[in-house]
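Descriptive structure summary
Residue strings, one per chain:
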Amino acid sequence: MFGSVTVGSSAIPKVVLASADGQHSCTIFTFGATVLSWVCGGNERLFVSKAAVLDGSKAVRGGIPLVFPQFGQPNPSMAQHGFARNQVWELAGSFGDSESISAVLRIKSNDATRALWPHDFCLLYQVTLTSHSLVTSFVVQNSAAEDIDFQCLQHTYLRIPHITNCTVGGLQGREYVDKMRELAVFREEDESIHFAQETDRVYVAQPPSADFPSSVVQVDDRTQGRVATSSSSVRRVVINDSEQLLLQQGQFNGDAAAPWKELFARWSETGPSHDVDVVVWNPWEAKAKALVDLNDDGYFDFVCVEPGVVSQPTSLSPSSVLILTQVLDVDP
């Protein structure tokens, strides 16, 4: 077995995936199902602010917060980026083999979510740790009798040596909405993005095509080389009654977790995958000082490369799931 999955005993527990050799681990805060840490080869790969609040009173500044059902705050009566990152999730299952270990977390619609967004849903978050990667799959199930419209995103904070040496590649030729220039739309002309000021851009997904089954983004440091590669895609799958029940009620761990493994395997082989929107963000100095849960110089240490479906809301029919998958890899 590659490693093990353990659950803490605190009021809002953390789920820890750890390799048997101690070189690789992932820590997930059940508040928001937020990945707080990814250690690969003994090195931390994600950024969490020194001033982040970790008592369950607000979303975590750093790691991989989950955005659902809105990006930003188009609905002012709902919290920015929705409520998924402010809910306590449950551990629905865990499993592993000789090459990886996985945990599956879940929340379902409840009275509190319906007061903010009047739809029934189930969210799953599968986190898989290997010796060189972290794979995170954010699953939205429509449990309602009608179509639902929403946005979703994985707000990934990648730890970097220094923002002034950071470059982000793989987005050349794509259109983007620049939030720093009154939402004007531009086409990325540069092979790599460099940072010298606040940056907040939404790179729009390529139209569905076999030529663009995913977004592949490289994050590099000009002095130390490749930091990570982020490969992300989205697919939609119609599910049957037994799969709907599994999503809603399944609770399987270890040797009994075959239903989870079979379900995710089927989804990965069903239908085409498509490109996603990619948000690239760094707050720079002034914005960092204005964010109470970010230390003033914290912006030096991260860049956000965030895969999602956010440039416009997407619609999901009943008895269907949308699967937003991100693969973070540190192999050269």
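Let me sum up the structure you'll find in this document.

What counts as what
- Residues numbered from 1 in each chain as written.
- Predicted model: local features only at pLDDT ≥ 70, side-chain atom pairs only at ≥ 80, totals over all residues.
- Heavy atoms only, no water.
- Axes fitted to C-alpha atoms, helices over the stretch in contact; angles between N-to-C directions.
- Helix = DSSP H or I, 4+ residues; strand = E, 2+ residues; numbered from the N terminus.
- Parallel < 35°, antiparallel > 145°, perpendicular 65-115°, else oblique.
- Left-handed = near helix turned anticlockwise from the far one by under 90°.
- Contact = heavy atoms within 4.5 Å.
- Nonpolar A, V, L, I, M, F, W, Y, C, P; charged D, E, K, R; others polar.
- Core = buried A, V, L, I, M, F, W, Y, C linked by side-chain atoms within 4.5 Å.
- Buried < 20%, exposed > 50% of the residue type's maximum accessible area, 1.4 Å probe, protein only.
- Pairing = 2+ DSSP bridges.
- Expected span 1.5 Å × (residues − 1).
- Arc of directions from axis to C-beta.

1. Points about the packing of helix H2 (residues 241-249) against helix H3 (residues 258-269)
Taken N-terminus to C-terminus, the directions of H2 and H3 make an angle of 120°; their axes are 11 Å apart at the nearest point. For the element pair H2 / H3, the angle class is oblique. As H2 runs across H3, the sense of the crossing is left-handed. Across the interface between the two elements, Glu243, Leu246 and Leu247 of H2 pack against Pro259, Trp260, Leu263, Arg266 and Trp267 of H3. Residue composition of the contact of H2 with H3, grouped by class: six nonpolar, no polar and two charged.

2. Observations concerning the nonpolar core
If you look at the biggest cluster of nonpolar residues, it comprises 71 residues, and the most contacted ones within it are Phe68, Trp89, Val168 and Val303. Setting aside anything within four residues of it in sequence, one finds Trp89 in contact with Thr30, Gly32, Ala33, Leu66, Ala84, Leu105, Arg106, Ile107, Leu123, Leu124, Tyr125 and Phe138. In this structure, Val237, Ile239, Trp260 and Trp267 belong to the second largest nonpolar core, which totals 17 residues.

3. As for the pairing of strand E11 (residues 148-154)
By the criterion of burial, E11 is predominantly enclosed, with six of the seven residues buried. Across two bridges, strand E6 (residues 66-67) lies against E11 in antiparallel orientation. Along E11, the bridge assignment pairs Val67 with Leu153. Relative to strand E22 (residues 302-316), E11 runs antiparallel, the two being bridged by five bridges. Each residue of the ladder has a partner; that of Asp149, found in E22, is Ser315.

4. Some points on H3
Compared with an ideal rise of 1.5 Å per residue, which puts twelve residues at 16 Å, H3 spans 17 Å between its outermost C-alpha atoms and is within 8% of the ideal. Trp260, Leu263, Phe264 and Trp267 are the residues of H3 that are buried. Angular distribution of buried residues about the axis of H3 spans 90°; they occupy a single face of the element. Those residues of H3 that are exposed and aimed more than 90 degrees away from the buried face are Glu262 and Glu269. Positive phi shows up at Gly271, right after H3, with a value of about 70°.

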